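Structure at a glance
So you can see what is in the structure, the chains are spelled out below.
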Amino acid sequence: MKYSSFQTPERRLLGAGPTNLYPEVSQALTRPEVGHLDPKFVEMMDEVKSMLRYLFQTKNEFTIAISAPGSAGMEASFVNLVEPGDKVIVCVNGLFGGRMVENVERIGGEAVVVDDEWGTPVSLDKLEESLKNNPDTKVVAFVHAETSTGVRSDAKEIAEISKKYECLVIADTVTSFTGIPILTDEWGLDAVYSGSQKCLSCVPGLSPLTFSDKAIEKIKNRNSKIQSWFLDQTLVLDYWSGQGKRSYHHTAPINSIFALHEALRLACDETLEKLWSRHLNAHHRLKKGLDELNFNFVVDKEYRLPQMNSIYIPDGYDDLEVRSRLLNDFNLEIGAGLGKFSGKIWRIGLMGYNARSESVDYCLDSLKSVLNK
Ligand SMILES: *Cc1c(COP(=O)(O)O)cnc(C)c1O
């Protein structure tokens, strides 16, 4: 049997990630290979670190990209900062909070869940009550932008309350990174991880991650060995330290990092303020169009993520049929509902490259056509 090269359909990706790549990022992928310890590559890695610091708004020395997707950034945060027996408060208001609980339990930590309805933000009162009832808590974890529901929680307040009780704070910013403000140092977040394929519009498979000095201190003072070899960050501190002591840990996904460098460069060039307002403007344009089509948003206005718009599927339409027609007739991918929201909602992502009027208008026109409105 002879196989032919795969022909990629040209989709417009307005789901929960990946998004379409910036053209410059696509080009960066095809650069000629270099060795991952080549001095030129190492120099580029230093720029990756410093650009990530700007985009995370942090001075943290330990700011890197894990060679694996956002889920690995999550796992790296938990396996490094949580030891067996540690009590961790996990705020759960959607699918990804649930995964954090899984992480804590697999480590042998004790997860105390602060549960909130899907579609609502983390309740600050419930968090504070839980901290009062569990004074031996070591870590508080939450999802800043819950992609499964389209909700933004108040990261600044969550961190402020957690600090009062001397807890380390783990924040999932996979969908928020470069889409809405994340002020790592100002808010006092200790472990912040993200993904490359959401608002950065880079290829999937890399997870930006930053640890505060307090987090590093905790890692250095652990009593038990980190149970994951690959994600044990003590093994790569030297690799990333910039002191010239680079040695082999794993082979970096070189071409993906070319792409990451380019996506970060574009983001830094545009500036955070402009990125945030571009995402917000795209959201407003989409909202106006969806209002005209009588769609209802799942999330209250105050907590809506501009980059992830959850809407109820109107009565009389079949979820799968509509999404299939959007894909087959318009090459348009939108996100399905997950978990409790499966079959009930659609999620329209306007991330990175797609946070622009042309993508919004294409989405609205395609929806109008498929729904016969
Ligand atoms: C996408 C996502 C993840 C997982 O990222 P992957 O790159 O798919 O592993 C984690 N948390 C949130 C909030 C996400 O949206």
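Since we're looking at a predicted model, the values are computed, not measured. (Residues numbered from 1 in each chain as written. Predicted model: local features only at pLDDT ≥ 70, side-chain atom pairs only at ≥ 80, totals over all residues. Heavy atoms only, no water.)

Describing the sheet that holds strand 10 (residues 207-211)
Within a sheet, neighbouring strands are paired by backbone hydrogen bonds and run either parallel or antiparallel to one another. If you walk across this open sheet you meet the 7 strands as 2-10-9-8-5-3-4, and the pairing is mixed. With one partner strand each, in any of the chains shown, strand 2 (62-66) and strand 4 (110-115) form the two edges of the open sheet. Between one strand axis and the next, the sheet turns through 15° on average, direction left out of account. Where strand 2 and strand 10 come together, 5 bridges link them in antiparallel fashion. Within strand 10, the position partnered with Thr63 by the bridge is Thr210. On top of the sheet, helix 8 (residues 213-220) reaches strand 2, strand 5 (137-143), strand 8 (168-172) and strand 10; it is set at about 85° to strand 10, its chief contact. (Pairing = 2+ DSSP bridges. Helix = DSSP H or I, 4+ residues; strand = E, 2+ residues; numbered from the N terminus. Axes fitted to C-alpha atoms, helices over the stretch in contact; angles between N-to-C directions. Contact = heavy atoms within 4.5 Å.)

Some thoughts on the site of the ligand
As a structural note, the neighbourhood of the ligand is formed by Pro69, Gly70, Ser71, Phe96, Val143, Ala145, Thr147, Asp172, Val174, Thr175, Gln197 and Lys198. Gly70 places a main-chain nitrogen or oxygen 2.9 Å from an oxygen atom of the ligand. For the ligand, an oxygen atom lies 3.1 Å from a polar atom in the side chain of Thr175. By residue class, the composition of the shell around the ligand is 5 nonpolar, 5 polar and 2 charged. (Near = heavy atom within 4 Å. Polar contact = N/O pair within 3.5 Å; in protein donor to acceptor, adjacent residues only side chain to side chain. Nonpolar A, V, L, I, M, F, W, Y, C, P; charged D, E, K, R; others polar.)

Considerations on the domain arrangement of the protein
Think of interface size as the accessible area that goes away when the parts come together; that is how it is often given. Segmenting the protein into domains produces domain 1 (12-17 + 271-372) and domain 2 (23-268). For domain 1 versus domain 2, the separation of C-alpha centres amounts to 27 Å. On the domain 2 side, the residues contacting the 27 residues of domain 1 number 30 residues. Between domain 1 and domain 2 lies a buried interface of about 2300 Å² when both sides are counted; carbon and sulfur atoms form 66% of it. Considering only the surface of domain 1 that becomes buried against domain 2, Leu272, Trp276 and Leu305 emerge as the three largest contributors, covering 25% of it. Counting across the domain 1 and domain 2 interface gives 0 salt bridges. Run the count over domain 1 and domain 2 and you get 11 residue pairs in polar contact (both at pLDDT 80 or more). For the side of domain 1 that touches domain 2, the secondary structure elements donating two or more residues are helix 11 (272-292), strand 11 (308-312) and strand 13 (345-349). Examining the composition of the side of domain 1 that touches domain 2, we find that 5 residues originate from one element, helix 11, more than from any other. Taken together, the residues of the side of domain 1 that touches domain 2 break down into 15 nonpolar, 7 polar and 5 charged. (Domains from an automatic or database assignment. Buried area = accessible area lost by both parts, 1.4 Å probe. Salt bridge = Lys/Arg side-chain N within 4 Å of Asp/Glu carboxyl O.)

Structural notes on empty space enclosed by the protein
By the definition in use, this model includes 2 cavities of 30 Å³ or more. Around the largest cavity sit 14 residues that line it, and Ala65, Ser67, Val236, Trp240 and His250 are the ones nearest its centre. Only strand 2 and helix 9 (237-240) provide two or more residues apiece to the lining of the largest cavity. Examining the composition of the lining of the largest cavity, we find that 3 residues originate from one element, strand 2, more than from any other. (1 Å grid on protein atoms, 1.4 Å probe; cavity = no way out; pocket = protein on both sides within 12 Å on 5 of 7 lines; lining within 4 Å. Points joined across faces, edges and corners; volume = space filled by probe spheres on them.)

Topic: the packing of aromatic side chains
All told, the structure shown has 6 aromatic pairs when counted by the stated rule. Plain terms: the ring middles of Phe41 and Phe258 are 6.3 Å apart, the flat faces sit at 70° to each other, and that makes the pair edge-to-face. With Phe41 in helix 2 (residues 39-56) and Phe258 in helix 10 (residues 254-270), this pair connects stretches of sequence that are 217 residues apart. Neither Phe41 nor Phe258 differs from the other in exposure class; each is buried. The aromatic ring of Phe297 is capped on one face by Arg304, whose charged end is 4.3 Å from the ring centroid. (Phe/Tyr/Trp six-rings, centres within 6.5 Å; stacked < 30°, edge-to-face > 60°. Buried < 20%, exposed > 50% of the residue type's maximum accessible area, 1.4 Å probe, protein only. Lys NZ or Arg CZ within 6 Å of the ring centre and 35° of its normal.)

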